[in-house]
Amino acid sequence: MIEQIEDMPAGTLGFTVHGQLGARDYAATIIPDVEAAFQLNGKLRLLFVIAADFTGIDPGAMWDDAKLGMRHFSGWDRVALVTGVPWLRGTATAFSFAIPAQFRLFHGAEVEEATRWITAD
(Lines give C-alpha, C1' and ligand atoms only; values in the text may rest on other atoms or scores of the structure.)
Protein backbone atom coordinates (compact mmCIF):
# COMPACT_ATOMS: atom_id res chain seq x y z
CA MET A 1 0.00 0.00 0.00
CA ILE A 2 1.19 3.48 -0.85
CA GLU A 3 0.15 6.63 0.97
CA GLN A 4 0.86 10.12 -0.28
CA ILE A 5 2.47 12.31 2.38
CA GLU A 6 0.28 15.38 2.82
CA ASP A 7 1.32 19.03 3.11
CA MET A 8 4.43 18.86 0.95
CA PRO A 9 5.41 22.15 -0.72
CA ALA A 10 4.79 22.77 -4.41
CA GLY A 11 7.19 20.80 -6.58
CA THR A 12 7.64 18.13 -3.91
CA LEU A 13 5.87 14.80 -3.54
CA GLY A 14 6.18 12.34 -0.70
CA PHE A 15 5.06 8.73 -0.44
CA THR A 16 5.12 6.12 2.32
CA VAL A 17 5.17 2.45 1.33
CA HIS A 18 3.62 -0.22 3.55
CA GLY A 19 3.63 -3.97 2.95
CA GLN A 20 4.31 -5.20 -0.57
CA LEU A 21 4.74 -2.57 -3.30
CA GLY A 22 2.98 -3.93 -6.37
CA ALA A 23 2.78 -2.66 -9.92
CA ARG A 24 -0.94 -2.06 -9.53
CA ASP A 25 -0.35 0.13 -6.45
CA TYR A 26 2.43 1.98 -8.23
CA ALA A 27 0.29 2.61 -11.30
CA ALA A 28 -2.73 3.73 -9.27
CA THR A 29 -0.95 6.12 -6.91
CA ILE A 30 2.59 7.15 -7.76
CA ILE A 31 2.40 7.48 -11.54
CA PRO A 32 -0.72 9.71 -11.65
CA ASP A 33 0.55 11.93 -8.83
CA VAL A 34 4.00 12.32 -10.39
CA GLU A 35 2.58 13.00 -13.85
CA ALA A 36 0.20 15.64 -12.42
CA ALA A 37 3.06 17.28 -10.50
CA PHE A 38 5.19 17.46 -13.66
CA GLN A 39 2.31 19.22 -15.42
CA LEU A 40 2.63 22.01 -12.82
CA ASN A 41 6.38 22.05 -12.17
CA GLY A 42 9.47 21.88 -14.35
CA LYS A 43 11.45 20.11 -11.66
CA LEU A 44 10.24 17.67 -9.03
CA ARG A 45 11.53 16.56 -5.66
CA LEU A 46 10.54 13.15 -4.33
CA LEU A 47 10.55 11.79 -0.77
CA PHE A 48 10.08 8.04 -0.60
CA VAL A 49 9.66 6.53 2.89
CA ILE A 50 9.78 2.77 3.38
CA ALA A 51 7.69 1.92 6.47
CA ALA A 52 8.70 -0.66 9.06
CA ASP A 53 6.03 -3.06 7.78
CA PHE A 54 7.46 -3.09 4.23
CA THR A 55 7.75 -6.62 2.81
CA GLY A 56 9.10 -6.12 -0.70
CA ILE A 57 8.74 -4.80 -4.24
CA ASP A 58 7.21 -6.67 -7.15
CA PRO A 59 9.31 -6.71 -10.34
CA GLY A 60 6.51 -4.87 -12.18
CA ALA A 61 6.70 -1.98 -9.74
CA MET A 62 10.48 -1.81 -10.16
CA TRP A 63 10.03 -1.69 -13.93
CA ASP A 64 7.36 1.04 -13.66
CA ASP A 65 9.72 3.05 -11.45
CA ALA A 66 12.54 2.80 -13.98
CA LYS A 67 10.24 3.84 -16.85
CA LEU A 68 8.88 6.81 -14.88
CA GLY A 69 12.39 7.97 -14.03
CA MET A 70 13.50 7.77 -17.65
CA ARG A 71 10.36 9.46 -18.99
CA HIS A 72 11.18 12.54 -16.90
CA PHE A 73 14.95 12.11 -16.93
CA SER A 74 15.84 15.81 -16.72
CA GLY A 75 12.90 16.75 -14.48
CA TRP A 76 14.11 15.37 -11.16
CA ASP A 77 15.71 17.83 -8.73
CA ARG A 78 16.16 15.82 -5.53
CA VAL A 79 15.24 12.31 -4.45
CA ALA A 80 15.36 11.12 -0.84
CA LEU A 81 14.90 7.49 0.13
CA VAL A 82 14.23 6.69 3.79
CA THR A 83 14.70 3.02 4.63
CA GLY A 84 16.28 0.69 7.13
CA VAL A 85 15.96 -2.34 4.82
CA PRO A 86 19.53 -3.54 4.18
CA TRP A 87 19.02 -4.96 0.66
CA LEU A 88 17.12 -1.86 -0.43
CA ARG A 89 19.82 0.43 0.96
CA GLY A 90 22.47 -1.59 -0.86
CA THR A 91 20.55 -1.55 -4.14
CA ALA A 92 19.92 2.21 -3.89
CA THR A 93 23.59 2.84 -3.18
CA ALA A 94 24.73 0.62 -6.06
CA PHE A 95 22.42 2.29 -8.58
CA SER A 96 22.52 5.86 -7.26
CA PHE A 97 24.79 6.85 -10.15
CA ALA A 98 21.82 6.27 -12.49
CA ILE A 99 19.45 8.56 -10.59
CA PRO A 100 19.22 11.79 -12.58
CA ALA A 101 18.97 14.02 -9.49
CA GLN A 102 20.62 14.86 -6.23
CA PHE A 103 20.07 11.66 -4.25
CA ARG A 104 20.36 11.02 -0.51
CA LEU A 105 19.74 7.88 1.44
CA PHE A 106 18.40 8.18 4.99
CA HIS A 107 17.89 5.60 7.74
CA GLY A 108 14.37 4.74 8.84
CA ALA A 109 14.45 7.02 11.87
CA GLU A 110 15.54 10.03 9.79
CA VAL A 111 12.21 10.92 8.17
CA GLU A 112 12.26 14.47 9.57
CA GLU A 113 15.84 15.05 8.39
CA ALA A 114 14.96 13.69 4.92
CA THR A 115 11.90 15.94 4.78
CA ARG A 116 14.00 18.99 5.70
CA TRP A 117 16.56 18.13 3.02
CA ILE A 118 14.01 17.46 0.28
CA THR A 119 12.14 20.72 0.96
CA ALA A 120 15.14 23.03 1.58
CA ASP A 121 15.95 25.79 -0.90
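Note: the structure precedes this text.
Description of the structure in this document. (Residues numbered from 1 in each chain as written. Predicted model: local features only at pLDDT ≥ 70, side-chain atom pairs only at ≥ 80, totals over all residues. Heavy atoms only, no water.)

### A look at the sheet that holds strand S4 (residues 44–50)
Cut-off, in case you're wondering: Being paired, for any two strands, means DSSP has found at least two bridges between them. For the purposes of this entry, the term helix denotes a DSSP run of H or I that reaches at least four residues, the term strand denotes a run of E that reaches at least two, and both are numbered from the N terminus. Only the stretch in contact is used when fitting a helix axis, every axis being a line fitted to C-alpha atoms; angles between N-to-C directions are given from 0 to 180 degrees. We call two residues contacting when some pair of their heavy atoms lies within 4.5 Å.
The strand order across the open sheet built from 5 strands is S1-S2-S4-S6-S7, with neighbouring strands paired in mixed fashion. Two strands in the sheet have a free side with no partner beyond their single neighbour: strand S1 (2–4) and strand S7 (102–106). On average, adjacent strands in this sheet sit at an angle of 15° to one another, irrespective of strand direction. Where helix H1 (residues 23–40) meets the sheet, it contacts S1, strand S2 (12–17), S4 and strand S6 (76–82), and its direction lies at approximately 170° from that of S2. Strands S4, S6 and S7 of the sheet are contacted by helix H3 (residues 86–95), whose axis makes an angle of about 160° with S7.

### Topic: the environment of isoleucine 5
As for its placement among the helices and strands, isoleucine 5 is situated in the loop between S1 and S2. Distance in space between the C-alpha atoms of isoleucine 5 and arginine 45 is 13 Å, their sequence separation being 40 residues. When neighbours within four sequence positions are excluded, isoleucine 5 is seen to be in contact with Gly14, Phe15, Thr16, Leu47 and Val49.

### Quick notes on the pattern of salt bridges
Rules: One side-chain nitrogen of Lys or Arg within 4 Å of one carboxyl oxygen of Asp or Glu is enough to make a salt bridge. Exposed residues in this analysis have more than 50% of their type's maximum accessible area, buried residues have under 20%, and partly exposed residues fall in between, with area computed by a 1.4 Å probe over protein chains only.
Applying the stated criterion to the full structure yields 2 salt bridges. Across the pair aspartate 77 and arginine 45 runs a salt bridge whose closest N-O atoms are separated by 2.7 Å. Placement of the pair is aspartate 77 in strand S6 and arginine 45 in strand S4, with a sequence separation of 32 residues. For the salt bridge of glutamate 113 with arginine 104, the shortest nitrogen-to-oxygen distance reads 3.5 Å. A relative accessible area of 34% places glutamate 113 in the partly exposed class.

### Some points on unusual backbone geometry
Located in the positive-phi region is aspartate 7, a residue other than glycine, with phi close to 65°. Looking at where aspartate 7 falls in the secondary structure, it is placed in the loop between S1 and S2.

### Considerations on the layout of surface pockets
To keep it simple, the criterion reads: Grid points spaced at 1 Å over the protein atoms alone were grouped into cavities, where a 1.4 Å probe fits but cannot get out, and pockets, open sets with protein on both sides within 12 Å along at least five of seven lines, with lining residues defined by an atom within 4 Å of a point. Grid points are joined across faces, edges and corners, and a volume is the space filled by probe spheres set on the points.
By volume, the largest pocket is sized at about 840 Å³. Per element, the largest residue contribution to the lining of the largest pocket is 7 residues, and it comes from helix H2 (residues 59–71).

### Considerations on the packing of aromatic side chains
The following threshold applies: Two rings from Phe, Tyr or Trp (for Trp, the six-membered ring) form a pair when their centres sit within 6.5 Å of each other. Planes less than 30 degrees apart are called stacked, planes more than 60 degrees apart edge-to-face, and all others tilted. Whether a charge lies above a ring is judged from NZ of Lys or CZ of Arg, which has to be within 6 Å of the ring centre and within 35 degrees of the ring normal.
In the structure shown here, the tally under the stated rule is 5 aromatic pairs. On the numbers, 5.1 Å between centres and 80° between planes, the contact of phenylalanine 38 with tryptophan 76 is edge-to-face. Here phenylalanine 38 is found in helix H1, whereas its partner tryptophan 76 is found in strand S6, with 38 residues between them in sequence. Relative accessible area serves as the criterion here: at 8%, tryptophan 76 is assigned to the buried category. Ring plane angle 50° and centroid distance 6.2 Å describe the contact between phenylalanine 106 and tryptophan 117, whose orientation is recorded as tilted. You can see phenylalanine 106 sitting in strand S7 and its partner tryptophan 117 sitting in helix H4 (residues 111–119), a full 11 residues away along the chain. This pair shows no difference in class: phenylalanine 106 is buried, exactly as tryptophan 117 is. Note that arginine 78 overlies the ring of tryptophan 117, its terminal NZ or CZ placed 5.1 Å from the centroid.

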